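For reference, the chains in residue letters:
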Amino acid sequence: MSQQIEIKPVKVGIIGLGTVGGGVVKILQEHHDDFLRDQGVDIQLIAAASSDPAEAERLGITDIFSTDGYNVINNPDVDIIIELVGGTGIAKEFIFAAVEAGKRVVTANKAIMATSGHELLALAGSKGLEVAFEASVGGGIPIIGALRNSLIGNRIESVMGIVNGTTNYMLTRMGESGLDYDTALKEAQDKGFAEANPSADVEGADAAAKIAILTTLAYNTEVILDQVPTEGITELSPVDLENAKAMGKVIKLLGIANRTPEGIDMRVHPTMLPADHALASVNGVMNAIFVVGDAVGDTMFYGAGAGSGPAASAVVGDLIEVAQRLTYDITRPFIRFGTEDAPLKPLDDVVCGYYLRLPVPDKAGVVAATAQVFADNNVSIKSMVQDDAQDGTAQLIYVTHPTREKDIQATLAGIEAAGVLASAPVFIRIED
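Residues numbered from 1 in each chain as written. Predicted model: local features only at pLDDT ≥ 70, side-chain atom pairs only at ≥ 80, totals over all residues. Heavy atoms only, no water.

Asker: Would you mind going over a nonpolar patch on the surface in detail, with residue names and values included?
Answerer: Residues Ile5, Tyr328 and Ile330 make up a contiguous nonpolar surface patch of about 320 Å² in total accessible area. For Ile5, the location among the structural elements is in the segment before β1 (9-15). Its relative accessible area of 62% is what places Ile5 among the exposed residues. (Patch = residues over 30% accessible without salt bridge, like charges linked within 9 Å, V, L, I, M, F, W, Y side chains within 5 Å. Areas by Shrake-Rupley, 256 points an atom, 1.4 Å probe, with all protein chains shown as cover. Salt bridge = Lys/Arg side-chain N within 4 Å of Asp/Glu carboxyl O. Helix = DSSP H or I, 4+ residues; strand = E, 2+ residues; numbered from the N terminus. Buried < 20%, exposed > 50% of the residue type's maximum accessible area, 1.4 Å probe, protein only.)

Asker: Please provide a residue-by-residue account of the pattern of salt bridges, values included.
Answerer: Counted according to the given criterion, the structure contains 18 salt bridges. A salt bridge links Arg429 to Glu405, with the nearest nitrogen and oxygen atoms 2.9 Å apart. Of this pair, Arg429 sits in strand β16 (residues 426-430) while Glu405 sits in helix α14 (residues 405-417), and the two are 24 residues apart along the sequence. By relative accessible area, Arg429 is classed as buried at 1%. One network of salt bridges, with partners in common, ties together Asp34, Arg37 and Asp38.

Asker: Can you explain helix α5 (residues 110-126)? Please cite residues and give values.
Answerer: Each α-helix winds once per 3.6 residues, and so residues spaced three or four apart point in a common direction. Where α5 bends most, at Ser116, the angle is about 85°. Buried within α5 we find Ile112, Met113, Ala114, Ser116, Gly117, His118, Leu120, Leu121, Leu123 and Ala124. In this structure, the buried residues of α5 make contact with α4 (90-100), β5 (104-107), β6 (131-132) and α10 (205-219). Near the N-terminus of α5, the side chain that reaches the backbone nitrogen of Ala111, with its oxygen 3.2 Å away, is that of Asn109. Looking one or two residues beyond α5, the residue adopting positive phi is Gly128, at roughly 70°. (Bend = angle between axes of the 7 residues up to and from the residue. Contact = heavy atoms within 4.5 Å. Polar contact = N/O pair within 3.5 Å; in protein donor to acceptor, adjacent residues only side chain to side chain.)

Asker: I'd like a rundown of the nonpolar core, residues and numbers included.
Answerer: Ile143, Val159 and Leu214 are the most contacted members of the largest nonpolar core, which totals 78 residues. Of the residues forming this core, the biggest block, 10 residues, is contributed by α10. The residues touching Val159, leaving out its near neighbours within four places in the chain, are Ile211, Leu214, Ala218, Tyr219, Gly255, Ile256, Ala257, Ile289, Phe290 and Val291. Among the nonpolar cores identified, the runner-up in size contains 30 residues, and Ala48, Ala56, Ile82 and Ala312 belong to it. (Core = buried A, V, L, I, M, F, W, Y, C linked by side-chain atoms within 4.5 Å.)

Written out as structure tokens, the structure is:
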């Protein structure tokens, strides 16, 4: 007869009871017995904090609630802290204080991991502690675990992903229904897919934080948010998505990190993809991350990128893994980052195709003047189309052969200096 193993409780404190935090509490309440039976962990939520007591009332945890996160951190019985406050203000103070206090940490905080992740992981490693952050990228998509574990036997060649659901929803609606930018944004806000202040999403900062984390993991190098060249979708119009469709392409806001002989080519911007690319059919609020490894080849991770359920699922997955190691006294080797000498390739040196839409006065000589600027900067034109003029303004649509970013920027500056633009031009990089 086998001996019954006594399972020691793992006591957990959570800071932040908003959308994701509330989802985590509900999962722990509903599946405690399942985790005990199937995963061998007795996870007990013994402390919680939030700025809003009504959140604790709604979740039925007023008996363990405080409005002060430090009461959770300083509770001597707490083994693991779940931080779901977000941002880099008080949340950063909470996470670092938790590690200093000897607590293991589970977080969904992409901003901290993209700006201070190396410092945080080094501190945790020096104390033999663990910081788990699966939910910081891709919501419920298990991409962090894949890069840290399943794909560790590969030399990663490329990571390219749709990692922001707000902008993906907006571009889907602009492409499928011809909505303009403002209408698509309002619809996203009305449906709860976009914040009242959507700047982090539409200007690309959210995606940049995520690609910084993925680059760090994929290439074992030190990358922070400020190093990511970033452009958002605010300048795009339905005509650009229509033109992309006519070219057999779609437009997505992508985070990109490619290994090249000159270093890591890392960036965030709207991108034209072939319509048959795996990422091209990822629509609405869904996320997907396309990873190429030297052994595994092409892989894609797809799923809901935000919301209470998907993000809470990732947080609880991390929590169970950390709880199992704590319960059974399993030491996880500290993952070191920044051990590979992988410089970042300057954006000026990136080579790809380009789509340029130039609004110009509908008069003689303009096409010749713009074409001359392309020639002056050694930019080879693959195709040029002039749309019908409206209100005296024509749209010149240029597509280039693969060209250096530096030369395209010089071309745009030259066209502006020539005084032939009726309004600001639009240019989009093409990944084939």
